[in-house]
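As a plain string of letters, each chain reads:
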Amino acid sequence: MNSAFIQFFIHILDTGYRAGIAVVVIAAARIILNALHVPKKYICLLWLLPFLRLALPVFPQSAFSLLPAQTSPASIKMTEISPPDLQIISKSAPGSSGPRADHILPLSPAASSPDPLQSLLPILSVLWAVGICFFLLYGTASAVCLQKKLCMSIQKQENIYLADGIPAAFVLGILKPRIYLPSNISSEFSEFVICHEKMHIKRKDHIIKIILFVLTSIYWFHPLIWAAYYFVNKDIEFACDEAVIRSKSEAYRQSYAMALLSLSAHAGRTAIMPPAFSKGSPKKRIQHIIAYKKPLLIIAAAGVAAVALLSVGLLTNPVENDVQKADTKTARIDPVSSLDSPNADHTSKNSSGGTAEKTAWLEVKTPVISLSEITGADGVQLYYVDKNNIIFGGCFGLFVYSKTSQSIIRALDLKPIGCSYTQGDNACEVNVSKDGSAVYLHPMHSDEMYVYSTADNTLRKELYDLTGTALYRGIAQDRRSGFYKESGKKVYCMLSERYTIGSISWSENDSIYRRFFVPEGYENAVYFEPEDLHDLVKIEMFIDGKMCSVNAPAALSYLEKNCALADKASAAACPFYDPMYLTRADGTIGIIYPATDTCNIIRTASGFYKYKGTSQDFWALFGNWLELL
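The structure presented is a predicted model; accordingly, all values stated were derived computationally and were not measured.

**Some points on the overall build of the protein**
For the protein, the helix and strand inventory stands at 13 helices and 27 strands. Counted over contacts in the protein with a minimum sequence separation of 6, partners at least 24 positions apart contribute 65%. By element, 58% of the accessible surface of the protein is carried by carbon and sulfur atoms, the whole surface being about 28,600 Å².

As C-alpha cells, this is what we get:
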C-alpha cells in the first residue's frame, strides 16, 4: 500500500486526537456558559473550534495553547521499533521470500515480527477510507431522496416553496438556498417558521452544516467528533431561535413557542443535513424561548471573552521546548572535549570552581530491524552527507553508510536512550558535527543529550549545550535531501523510500537509487549492461519486505531480446528507484533499473537505454509488481 496514504492516515489520527481534546474543553465550557445564560451564538462559535482543528493544515504556536505538545499516543506507538530484547531479523536465501537487514547488523535466527499496530495500519487505513465513502454516500443519498420529494413543490414566494410529504420546514441549497414548508402548514404558524428559516440562511447555517457533516464523515471513527456534531446542531437551533425572538415581545415569544410545539408534534425524521424548524430538542427549545431574556452586556462580554480565549487556547499549538535552558545548568560541558577512556567517568569544573555533572559513558547497542517494517510517521530522514558517508535514520535507528564500501558501517539503537520518537514532546532533535564525526541526540523534554561518535563508535551522555559547536547545515527542510561541496560545486544527495525500511534508497546526481539494506545473497550483485542480458534464469525485485520472483520464459525472453538490444538514449527524467535483480545460468546476479512510469527505458551504470515496446508491455510480464511499487 502507498506509504503516503498510510502516513496521511496517521496524520488523521493525530489531528483527531487534538480535536478530541478541544471537544472536551468546549463541552466543559458549554456547561459553564449555559449556566451563565450566555447567548447561544457564542457557544456555536466555540463548537466550530474543534472542526477548524480538523480542517486547517497548520496552526501557529502559542504559550497559551491548551493542547498537549505530544501527538496521539497511538500514533507515537506506531512509530516505535520493537523492543531491543527482541531479535527481529529474518534471514532469507537467494530467491526466497524473507526480509533481512544488511549483513553488518547483528543477525539472529529468530523470526521477524513488526509491531502489531504497525502491521494493522494498512487494514485500518482501508477501513477508514471505506467508512468515509459510506457516510458521504449516505449523506448524498439522503439529499437526493429529499430532492426527489420536492420536485412537485409549489413556489409561494421568491425562495419559499410548499411541498407535500415533508414532515417539517427546512432550508435546502447552497448558492441559492430555498425554504421548504409542509403544504399543510397552518397560516398562523408559517410566519414564525419562515422567520426562523430565513435566519438560518442569514447565518449561513445551511452551508456550515454541510461542511461539518463532511468533516465528521472523514473522522467517522472518532466518538467525540460525533458528539461535537450532535451538540453543534442543537445549539445552532437554539441560537437561531434567540436571533429571531431577541427584540420581540413576550406575546410573540409565546406564539413562536406554540408554533414550535405544534410542528414538532408532527415532525418526523428529515435528511441528515438541512436545518429544520422543529429539530434540535423541541422541548428544551420551548422552555428556553419562554424563559428568554435579553442578556446583560456583561454576559455578552463573557461570551466574547470565552470565544477569544478558547480560540487562542485551542487553535494554537504549544511552543516547542527551548533547547537552550542555561538557567538550569551548573556548567557547560564541551561535547567534543577530549576524553581519556570510554570506561571512565569525567567531570568538569564550573565557573565557581565546583564540580558539574559527570559525563556518563553508555553501551552502544546496535538496532535489529526487519526490512518489512514501515518507516514510521515521518519516514526516513537525512542527517548528514559528504563524499564518503551518509548519516540517516528515523524511529527505527541511526545509521552511518559508507559510499565507498556501499554498506552500513555504524548503527545505533535509539530506543534505549529515548530517541526513537520523531514527533511530539518526546521527539529527539538530531544534529551532526560539521565533519560528520559526532551525532548529537537531544530528547526535547530533557536538559541532557547523547553524543554518538561515528569515528570510534562510542556513546556518552552530557548536559545539552551546542554553543560554539560547528554543525552540518546542508539538509533541506524536508530532511530527505542534502548537499556537500566538492571542487567548489554542490553535490546533492537524495533519499527515497516506499513504505518499508527495506526500500530506503539514496541517489547522487545520476538518477540511480541504491538500497541501503541489501537482501541476503545479493550483496555481491554487479551492474549489468544491456549486453550482459543473456542466459537469464530468474528476474527478481525486493518489494515491501519480500523478494518477488519471475522465471516465466516470456519475461526472460523479453529482456534478452528487447532490453539486450536497447538503444542508447539521452538522459531521462524518469523514476529509477527500484533495482531489478537478474540471475544468469552461470550464477551471476546483476542489477538494472527499469523506469516505473511510462518511459520504456532501463538505467544501467553507463547510462540510459530505450528498449523496444512500451512500458505497459514490460510491466505486464511481472503481474502486480508495478502496482506494489
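Here the narrative resumes.
**Some points on the state of the cysteines**
Here, disulfide denotes a covalent bond that connects the sulfur atoms of two cysteines. For the structure shown, the criterion picks out two disulfides. Through a disulfide, C419 is tied to C428; the S-S separation comes to 2.5 Å. Given an S-S torsion of about 50°, the disulfide between C419 and C428 has right-handed geometry. There is no split in this pair, since C419 and C428 are both buried. In the protein, the cysteines engaged in disulfides, taken in order along the sequence, are linked 1-2, 3-4. C195 takes part in no disulfide bond, and the closest cysteine sulfur to it belongs to C240, at a distance of 9.9 Å.

**Re the packing of aromatic side chains**
In the structure shown here, the tally under the stated rule is 35 aromatic pairs. Note on Y219 and F221: the rings are 6.2 Å apart at their centroids and 45° apart in plane angle, and the pair reads as tilted. Assessed through its relative accessible area of 2%, Y219 is described here as buried. The rings of F134, F135, F213, Y219, W220, F221, W226 and Y229 are connected pair by pair, giving a single aromatic cluster. Directly above the aromatic system of F238 lies the positively charged group of K40, at a separation of 4.9 Å from the ring centroid. Lying over the aromatic face of F59, R53 brings its terminal NZ or CZ to 3.9 Å of the ring centre.

**Remarks on the pairing of strand β10 (residues 397–402)**
Where burial is concerned, most of β10 is hidden: six out of the six residues are buried. Burial of the side chains of β10 extends over both faces: G397, F399 and Y401 are buried on one face and L398, V400 and S402 on the other. In this structure, strand β9 (residues 389–394) lies alongside β10, joined through six bridges in antiparallel fashion. Opposite I391, over in β10, you have V400 as the bridge partner. The antiparallel hairpin formed by β9 and β10 contains two residues in its connecting segment. Summarising the sheet, β10 and strand β11 (residues 407–412) pair through five bridges and their orientation is antiparallel. Opposite Y401, over in β11, you have I408 as the bridge partner.

**What to know about a nonpolar patch on the surface**
Among the surface-exposed residues, L120, I123, L124 and L127 lie close enough to one another that they form a single nonpolar patch of about 340 Å² accessible area. Assignment of secondary structure puts I123 in helix α4 (residues 116–149).

**Here we look at the sheet that holds strand β4 (residues 170–172)**
The strand order β2-β3-β5-β4 describes an open sheet built from four strands, whose pairing is mixed. Every other strand in the sheet has two partners, leaving β2 (154–155) and β4 as the edge strands with one partner each. As paired strands, β2 and strand β3 (residues 160–163) are joined by two bridges and run antiparallel to one another. Within β3, the residue paired with Q155 across the bridge is Y161. Against the sheet, helix α5 (residues 187–202) contacts β3, β4 and β5 (178–182), and its axis sits at roughly 155° relative to β5.

**A closer look at the environment of L536**
Locating L536 in the fold gives a position in strand β21 (residues 536–543). By relative accessible area, which is 6% here, L536 ends up buried. C-alpha of L536 to C-alpha of L559: the two residues are 23 residues apart in sequence and 8.6 Å apart in space. If near-sequence neighbours (up to four positions away) are discounted, L536 is found in contact with L556, L559, E560, L582, T583 and R584.

**Observations regarding the confidence of the model for the protein**
The predicted structure's coordinates, where accompanied by low pLDDT, should not be read in detail. Mean pLDDT for the protein: 82, with 82% of residues reaching 70 or above. In the predicted structure, residues 74–115 sits below a pLDDT of 50 and forms 119 contacts with residues beyond four places in sequence or in another chain. With pLDDT under 50 throughout, residues 322–356 is counted as low confidence; its partners more than four residues away or in other chains account for 64 contacts.

**With respect to the packing of helix α2 (residues 40–55) against helix α6 (residues 205–218)**
Each packed pair of helices is defined by two parameters, the angle between the axes and the distance between the axes. Contact geometry for α2 and α6: axes closest at 10 Å, N-to-C directions at 60°. Relative to α6, the element α2 lies oblique. Between α2 and α6 the crossing geometry is left-handed. Note on element contacts: α6 touches α2 through I208, L212, L215 and T216, opposite L48, F51, L54 and A55. Among the residues making up the contact of α2 with α6, the classes are represented as seven nonpolar, one polar and no charged.

**Topic: the side chain of S370**
You can see S370 is positioned in the loop between β7 (360–362) and β8 (381–385). Reaching out from S370, the side chain makes a polar contact with the side chain of S372 at a distance of 2.8 Å.

**Some details on α5**
Taking 1.5 Å of rise per residue, the 16 residues of α5 would be expected to cover 22 Å, and the 23 Å separating its terminal C-alpha atoms lies within 8% of that figure. Buried within α5 are the following residues: F189, S190, F192, V193, I194, H196, E197, M199, H200 and I201. K204, located one to two residues past α5, shows a positive phi value of around 65°.

**What to know about helix α7 (residues 223–245)**
Counted at 1.5 Å a residue, the expected span for α7 with its 23 residues is 33 Å, and the 34 Å between its end C-alpha atoms agrees. Burial runs high along α7: 17 of the 23 residues are buried.

How each quantity is defined
Residues numbered from 1 in each chain as written. Predicted model: local features only at pLDDT ≥ 70, side-chain atom pairs only at ≥ 80, totals over all residues. Heavy atoms only, no water. Helix = DSSP H or I, 4+ residues; strand = E, 2+ residues; numbered from the N terminus. Contact = heavy atoms within 4.5 Å. Areas by Shrake-Rupley, 256 points an atom, 1.4 Å probe, with all protein chains shown as cover. Disulfide = S-S within 2.5 Å. Buried < 20%, exposed > 50% of the residue type's maximum accessible area, 1.4 Å probe, protein only. Phe/Tyr/Trp six-rings, centres within 6.5 Å; stacked < 30°, edge-to-face > 60°. Lys NZ or Arg CZ within 6 Å of the ring centre and 35° of its normal. Pairing = 2+ DSSP bridges. Patch = residues over 30% accessible without salt bridge, like charges linked within 9 Å, V, L, I, M, F, W, Y side chains within 5 Å. Salt bridge = Lys/Arg side-chain N within 4 Å of Asp/Glu carboxyl O. Axes fitted to C-alpha atoms, helices over the stretch in contact; angles between N-to-C directions. pLDDT = per-residue confidence, 0-100. Parallel < 35°, antiparallel > 145°, perpendicular 65-115°, else oblique. Left-handed = near helix turned anticlockwise from the far one by under 90°. Nonpolar A, V, L, I, M, F, W, Y, C, P; charged D, E, K, R; others polar. Polar contact = N/O pair within 3.5 Å; in protein donor to acceptor, adjacent residues only side chain to side chain. Expected span 1.5 Å × (residues − 1).

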